[in-house]
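# Fold and contact review
Each chain, written out:
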Amino acid sequence: MNRFKKIYNPGFLAFLLLGVLCSCSKTEVKPVSLKLAVGDRFYIGTALNSAQIVGADTPAIKIIKQHFNAVVAENVMKSEVVQPVEGEFDFDMADKFVRFGLDNKLFITGHTLIWHSQAPDWLFVDKQGNDVSRDVLIERMRSHIHTVVGRYKGIIKGWDVVNEAILDDGTWRKSKFYEIIGADFVKLAFEFAHEADPEAELYYNDYSMAKKGKREGVVAMVKSLQEQGIRIDGIGMQGHISMDDPTIEDFEKSIVAFSELGVQVMVTELDLTVLPMPNMNAGADIALNFEFKKELNPYANGLPDSISTKMTERYQDFFRLFYKHSNKISRVTLWGVSDAQSWRNYWPVNGRTDYPLLFDREYKAKPIVEKIINEDL
C-alpha cells in the first residue's frame, strides 16, 4: 500500500529532490491522523451523536474531521426516531447527519433499518394492542425501508439492513419480526432495501460475532440468503470487546469465515471496556440492566497507568489483526468519539465511568492513537 498516494503533490516531490541534491538529511513525513495512517487499508470511522450532528460538540467535530473518513449515526436513524408514529416520518436529525457526512466527504452508513430494539411501539401491534398479521408487518417493513432508503438513494452508500437477528448460540432470536413473519423477515428486508436503492451496499450487523455459535449461525443464515438469490454485500462484526474477551484467535476465525462467504467484513461498533462485567454472557444486548455496585465501577476517579498500558496493548493487538486482514476488512468504525459520550458509561450498569474509546473525556488522543499513526503495532 502506498500511503503517499493521498498526500502527494508536486511541491512535496520537489522538496524531497532538493533534499537529495543538497545532501541534506532526509526527514520522514509522518501522517498526522488516523485516516492517513490507515491509508487505503480500510475506512476508519466513528459514530456521531446528536450534539455532534448539530455542531454543538465542537471539540469532537474537530477530531472527526482530522481523524476519520467514515461516519454512522449512533441513534438518529433508528426506526423509533425516524417513524415514531405510523406514516409520520421525522427526518430532521437524519438529514442533518447525512449533510454532515456529505459536507465533509465522509463514507456514510445508514444504521439501522430492521432491529427488534429501539423500534416504535406501534410497529408490531394493531389498534387493540394485539400482534398484527404477517402480511401487515411485512407491509410496514416494506413501507419503512422504501421510504428511508429511498430518501437517501444514491447518497448513503451502505446500509445496516438487519441488526442482531441471531443469538450467541447460533439460533434465531425470537423477536417480534421472527415470531410474526418467521426467518423470511431477513430476506424480505434485504429485498426491500435493494428495491429502494439497487446501487447501495447492504449489510448484516450483529454482536458477539467471535463466538463459535454465533459465527456458525450467521454463516448459515447468509448462505441461505445467497442460495435464494438475495444480495448481501457485507457482514458487520460489532467490536464491543473487553480486556480479555473475545480472544484475538476467535475474532480472526470469524473474519476469515465471513470473508469466505464472498462478502466484505466490517468492524462496526468498536469500543473496549475496562470495567468488570456483572454477567460475562451479556454480549451487547441493550435490554440488559444490572444494579449499580461500587465494585463494578473501580475507576471512577481515573484510570491507573497500569490499566491504561494494558488497554493500549489490547487495542494494538486488534489493530494488528485488522491490518493483517485488511484485504478482507472494508471498514473499522469506533462506536463514538470520546469516552464521555460512550454508551459503556450506562450499559449494562448505569452511572459507571468507562474509558472505551480512542479519545478521552478532554478530547485528548490516547497513546493508542500515536501507536497507530506511527505504525507501532
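What counts, and at which threshold
- Residues numbered from 1 in each chain as written.
- Predicted model: local features only at pLDDT ≥ 70, side-chain atom pairs only at ≥ 80, totals over all residues.
- Heavy atoms only, no water.
- Helix = DSSP H or I, 4+ residues; strand = E, 2+ residues; numbered from the N terminus.
- Expected span 1.5 Å × (residues − 1).
- Contact = heavy atoms within 4.5 Å.
- Buried < 20%, exposed > 50% of the residue type's maximum accessible area, 1.4 Å probe, protein only.
- Polar contact = N/O pair within 3.5 Å; in protein donor to acceptor, adjacent residues only side chain to side chain.
- Phe/Tyr/Trp six-rings, centres within 6.5 Å; stacked < 30°, edge-to-face > 60°.
- Lys NZ or Arg CZ within 6 Å of the ring centre and 35° of its normal.

### A short note on helix H7 (residues 134-151)
Between its first and last C-alpha atoms H7 spans 26 Å; for 18 residues at 1.5 Å apiece the expected length is 26 Å, and the two agree. Where the residues of H7 are buried, they touch helix H5 (79-82), strand S3 (107-115), strand S4 (158-163), helix H8 (176-181) and helix H9 (184-196).

### A short note on the environment of Asp271
Within the secondary structure layout, Asp271 lies in strand S8 (residues 264-273). Judged by its relative accessible area of 0%, Asp271 is buried. For the pair formed by Asp271 and Leu358, sequence separation is 87 residues and the distance between their alpha carbons is 8.4 Å. Once residues within four sequence positions are removed from consideration, Asp271 is found in contact with Gly239, His240, Ile241, Tyr315, Trp335, Ser342, Trp343, Arg344, Pro356 and Leu357. Within the local environment of Asp271, its side chain forms a polar contact with the side chain of Arg344, the two groups lying 3.2 Å apart.

### Comments concerning the packing of aromatic side chains
In the structure shown here, the tally under the stated rule is 13 aromatic pairs. Judged by centre distance (6.0 Å) and plane angle (80°), the ring pair of Phe91 and Tyr152 falls under edge-to-face. Taken together, the residues Phe91 in the loop between H5 and helix H6 (92-103) and Tyr152 in the loop between H7 and S4 connect sequence positions 61 residues apart. By relative accessible area, which is 9% here, Phe91 ends up buried. Judged by relative accessible area, which is 3%, Tyr152 ranks as buried. Centroid distance Phe318 to Phe322: 6.2 Å. Interplanar angle 50°. Geometry classified as tilted. Highlighted residues: Phe318 and Phe322, both in helix H12 (residues 305-324), separated by four residues, approximately one helical turn. Accessibility expressed as a relative area gives 0% for Phe322, which makes it buried. Members of the aromatic cluster, each reached through a chain of ring pairs, are Phe124, Trp172, Phe177, Tyr178 and Phe185. In this structure, Arg41 is placed above the aromatic ring of Tyr323, and the distance from its NZ or CZ to the ring centre is 4.0 Å.

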